[in-house]
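Reading the structure
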Amino acid sequence: MRWENLTAEPNAEPRHDRPADPALFGADAVTVRTVDTPEFAGITFHEIRARTILNRVPGASRMPFEWTVNPYRGCTHACVYCFARKTHGYLDLDTGIGFDTQIVVKVNAPELLRRQLASPRWHGEHVAMGTNVDCYQRAEGRYRLMPGILTALRDRANPFSILTKGTLILRDLDLLKQSAEVTDVGVSVSVGFTDTELWRTVEPGTPAPQRRLDVVRTLTEHGIGCGVLMAPVIPFLGDQPAQLRATVRAIAASGATSVTPLVLHLRPGAREWFMAWLGAHHPHLVRRYERLYADGAYAPKWYQRRITRQVHDLAEEYGIGPARAGMPRRIRPPEPTEPAEAGPTQLTLL
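What follows deals with the environment of Arg267. By the element assignment, Arg267 lies in the loop between strand 13 (259–263) and helix 10 (270–281). The partly exposed category is assigned to Arg267, whose relative accessible area is 28%. Measuring from C-alpha to C-alpha, the distance between Arg267 and Ala297 comes to 4.9 Å, with 30 residues separating the pair along the chain.

Right under this line is the structure:
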């Protein structure tokens with residue numbers, strides 16, 4: 001494994017006021033641990049001490065946020081379509097089965113985040129999590145990085161959002177509720193379809209769709225508004241009107257605040273793995289996919305618009321309202337140690 005080009009000196013000063021350079025962790029900071037237990041059979045964890053955890057999204061990205069936190073690389077969810085597969089290639093790891101079984105763990109993520117949030121260069125921008133690989137994948141049950149990450153964000157009243165397919169997020173329900181009292185917290189659960197046969201083949205390491213919708217229901221019942229990213233809608237396998245209706249109906253029944261459809265996109269790295277899977281399981285669809293995605297990673301605009309219109313019409317039919325507006329960022333001032341003397345009142349806008 002050749003990671004030398006991604007390392008930096010151990011005492012290098014982390015920066016988060018500019019895009020991160022290629023260095024991901026300190027020199028000689030990599031430990032490989034093979035876990036040989038029934039729960040993690042066949043999975044290798046690469047434990048590293050990262051040199052930065054707040055990552056700036058490239059300006060050309062389509063993402064509606066600027067900063068992310070990703071405590072893991074690789075994902076045991078093993079979704080055959082996962083766009084993040086290409087990132088494993090940067091570490092000279094296999095983007096196919098290696099992405100599913102070779103998991104990079106940034107073991108110092110909570111302490112590093114706490115330090116970076118306290119920096120005078122950090123201005124409390126929104127932080128998105130789960131945008132690359134799932135921060136509540138199975139590895140989180142072993143390493144428990146998210147409680148420390150959420151605590152750091154809560155203590156700085158820093159707004160954040162989480163996208164997940166994992167039911168493990170409910171373990172941190174109290175931290176989410178505490179955070180929502182002081183800042184803007186957004187949670188979305190990814191459920192692209194409710195077809196169990198399709199789920200078993202394309203998302204084999206994830207909780208079942210209905211279990212994910214149970215997460216939506218539980219979060220909503222505890223005052224954490226939760227939307228559903230209906231992603232991906234998979235052409236010719238999960239896009240039939242009856243399938244879309246069943247999925248939106250189940251999402252509405254879970255109490256989701258919103259539903260946002262997203263058609264499957266096939267970026268380099270993910271495209272090759274998905275097309276190999278398609279050829280093995282649905283060879284009659286290969287030519288149709290080659291035509292549909294002939295112009296690149298995204299399905300044609302006409303197809304995306306058709307799916308979006310169908311889902312929005314169904315959402316209106318089933319009464320799914322818009323996402324709730326978040327609460328403003330607010331840090332409680334410390335209590336004074338002794339009564340202050342009366343004096344002029346300073347008017348503020350906040």
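Now that the structure is up, let's keep going.
Let us now look at helix 3 (residues 109–117). Restricting attention to buried positions, one finds in helix 3 the residues Ala109, Pro110, Leu112, Leu113, Gln116 and Leu117. For helix 3, the buried positions fall inside an angular range of 165° around the axis, keeping them on one side. Among the structural elements, strand 5 (54–56), strand 6 (67–69), strand 8 (102–106) and helix 5 (146–155) are those in contact with the buried residues of helix 3.

Here Glu203 lies in the loop between helix 7 (196–202) and helix 8 (209–221). Note on Glu203: relative accessible area 1%, which makes it buried. Polar side-chain contacts of Glu203 include one of 2.7 Å to the side chain of Arg212. Apart from the residues lying within four places of it in its own chain, the contact partners of Glu203 are His77, Cys79, Tyr81, Lys165, Phe193, Leu198, Arg212 and Pro232.

How each quantity is defined
Residues numbered from 1 in each chain as written. Predicted model: local features only at pLDDT ≥ 70, side-chain atom pairs only at ≥ 80, totals over all residues. Heavy atoms only, no water. Helix = DSSP H or I, 4+ residues; strand = E, 2+ residues; numbered from the N terminus. Buried < 20%, exposed > 50% of the residue type's maximum accessible area, 1.4 Å probe, protein only. Arc of directions from axis to C-beta. Contact = heavy atoms within 4.5 Å. Polar contact = N/O pair within 3.5 Å; in protein donor to acceptor, adjacent residues only side chain to side chain.

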